[in-house]
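Each chain, written out:
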Amino acid sequence: MEIEAKYKISAADLDRLAALSALGPYTLRTLAGERQRNIYYDSVDGRLALARYGLRVRQIGNRSTITLKGPARVDENGIHHRAEFEFPGSNPDPTTWPAGPARDLAQALLLGAPLRPLLTIETSRRIIHAVRDGQDRVELCLDRGTIYANNRQAPLCELELEVLPDGSVYDLTELANALRAIFKITPERKSKLERGMALLKQ
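Attention in this report is confined to the structure presented alongside it. What you are looking at is a predicted structure, and each value in this text was computed from that prediction instead of being measured.

Cut-off values and rules
Residues numbered from 1 in each chain as written. Predicted model: local features only at pLDDT ≥ 70, side-chain atom pairs only at ≥ 80, totals over all residues. Heavy atoms only, no water. Phe/Tyr/Trp six-rings, centres within 6.5 Å; stacked < 30°, edge-to-face > 60°. Helix = DSSP H or I, 4+ residues; strand = E, 2+ residues; numbered from the N terminus. Buried < 20%, exposed > 50% of the residue type's maximum accessible area, 1.4 Å probe, protein only. Lys NZ or Arg CZ within 6 Å of the ring centre and 35° of its normal. Core = buried A, V, L, I, M, F, W, Y, C linked by side-chain atoms within 4.5 Å. Contact = heavy atoms within 4.5 Å. Salt bridge = Lys/Arg side-chain N within 4 Å of Asp/Glu carboxyl O. Pairing = 2+ DSSP bridges. Expected span 1.5 Å × (residues − 1). Arc of directions from axis to C-beta.

Some words on the packing of aromatic side chains
This structure, assessed with the given rule, holds one aromatic pair. Aromatic pair Phe-87 and Trp-97: ring centres 5.2 Å apart, planes at 70 degrees, arrangement edge-to-face. Taken as a pair, Phe-87 in strand 9 (residues 84-88) and Trp-97 in the loop between strand 9 and helix 3 (101-110) lie far apart in primary sequence, ten residues in all. With respect to class, Phe-87 is no different from Trp-97; both count as buried. It is Arg-132 that lies over the ring of Tyr-26; its NZ or CZ is 5.3 Å from the centre.

Dropping the structure here:
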């Protein structure tokens, strides 16, 4: 289960956030940055979209990861909750995936329909961990990039907070409140895939 919150934020405030060493009771520990190429897939008749699922292949250097995400439930605080399957791989065709629930689910959704690339999102990401009592509680992802859909494109500048295994929704909420006291952040209720799909429909 993925639990995260997404916020619109200015590029200047992203830079200010990246320079902080602490936020409220949390120590901020910067990890290595990364450049991502995210390609999203669906069948021609949009079977995954109809079921509100997203299928992505993420490339970071010579490493690729496949992610299948389920429908998101967004609570009253703008926190996204959704099922997520993630494993190493570069082929979006579920018949090539390791045996398991992700392959079974994707095959049941697609019913043998071939996949095609829908859109691409290029992202420059800085990753920061919020640490409390010696435990990494929340991952902060500072994202800048571009969404490409057909011949259209849209800029991307946002902040994601994702609960880590040793963290909780309480940690996420406390960090979000600390951020609001310093920066102008606005909840983003739509995923990157949803914003890309909106570009395709223009």
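Let's talk about the nonpolar core
Within the largest apolar cluster, 26 residues are counted, with the highest numbers of intra-cluster contacts made by Leu-140, Leu-142, Leu-159, Leu-161, Leu-175 and Leu-179. Looking at this core, the elements with two or more residues in it are strand 1 (2-8), helix 1 (11-18), strand 3 (26-30), strand 10 (115-132), strand 11 (135-149), strand 12 (152-163) and helix 4 (169-180). Considering every element that reaches this core, the biggest residue donor is helix 4, with five residues. If we skip the residues at most four places from it in the chain, Leu-140 touches Leu-17, Arg-126, Ile-127, Ile-128, Ala-130, Leu-159, Glu-160, Leu-161 and Leu-175. Core analysis: the second largest hydrophobic core is formed by 14 residues, Ile-39, Tyr-41, Leu-48 and Phe-87 among them.

Some remarks on the pattern of salt bridges
Counted according to the given criterion, the structure contains 22 salt bridges. With a shortest N-O distance of 2.9 Å, Glu-4 and Lys-6 are connected by a salt bridge. What makes Glu-4 buried here is its relative accessible area of 1%. Among the ionic pairs, Lys-69 bridges to Glu-84, the shortest N-O distance being 3.6 Å.

Side note on the pairing of strand 10
By the bridge criterion, four bridges tie strand 3 to strand 10 in an arrangement that is antiparallel. Bridging across to strand 10, Leu-28 finds its partner in Ala-130. Pairing geometry for strand 4 (residues 34-43) and strand 10, over ten bridges, is antiparallel. Bridged to Ser-43 within strand 10 is Leu-115. The pairing of strand 10 with strand 11 spans 13 bridges and is antiparallel. Following the sheet pairing, Ile-128 is matched in strand 11 by Leu-140. If you look at the hairpin formed by strand 10 and strand 11, you'll find two residues sitting between the two strands, and Asp-133 has a positive phi there, around 55 degrees.

Here we look at helix 4
Along its twelve residues, helix 4 runs 16 Å from first to last C-alpha, staying within 8% of the 16 Å computed at 1.5 Å per residue. Within helix 4, the full set of buried residues consists of Asp-171, Leu-172, Leu-175, Ala-176, Ala-178 and Leu-179. In a view along the axis of helix 4, the buried residues occupy a sector of 160 degrees, so they form one face of it.

Thoughts on unusual backbone geometry
Despite not being glycine, Arg-52 shows a phi value in the positive range, around 65 degrees. Within the fold, Arg-52 resides in the loop between helix 2 (47-50) and strand 5 (54-60). Classification of Arg-52 by relative accessible area gives exposed; the value is 52%. One non-glycine residue, Asp-133, lies in the positive phi region at around 55 degrees.

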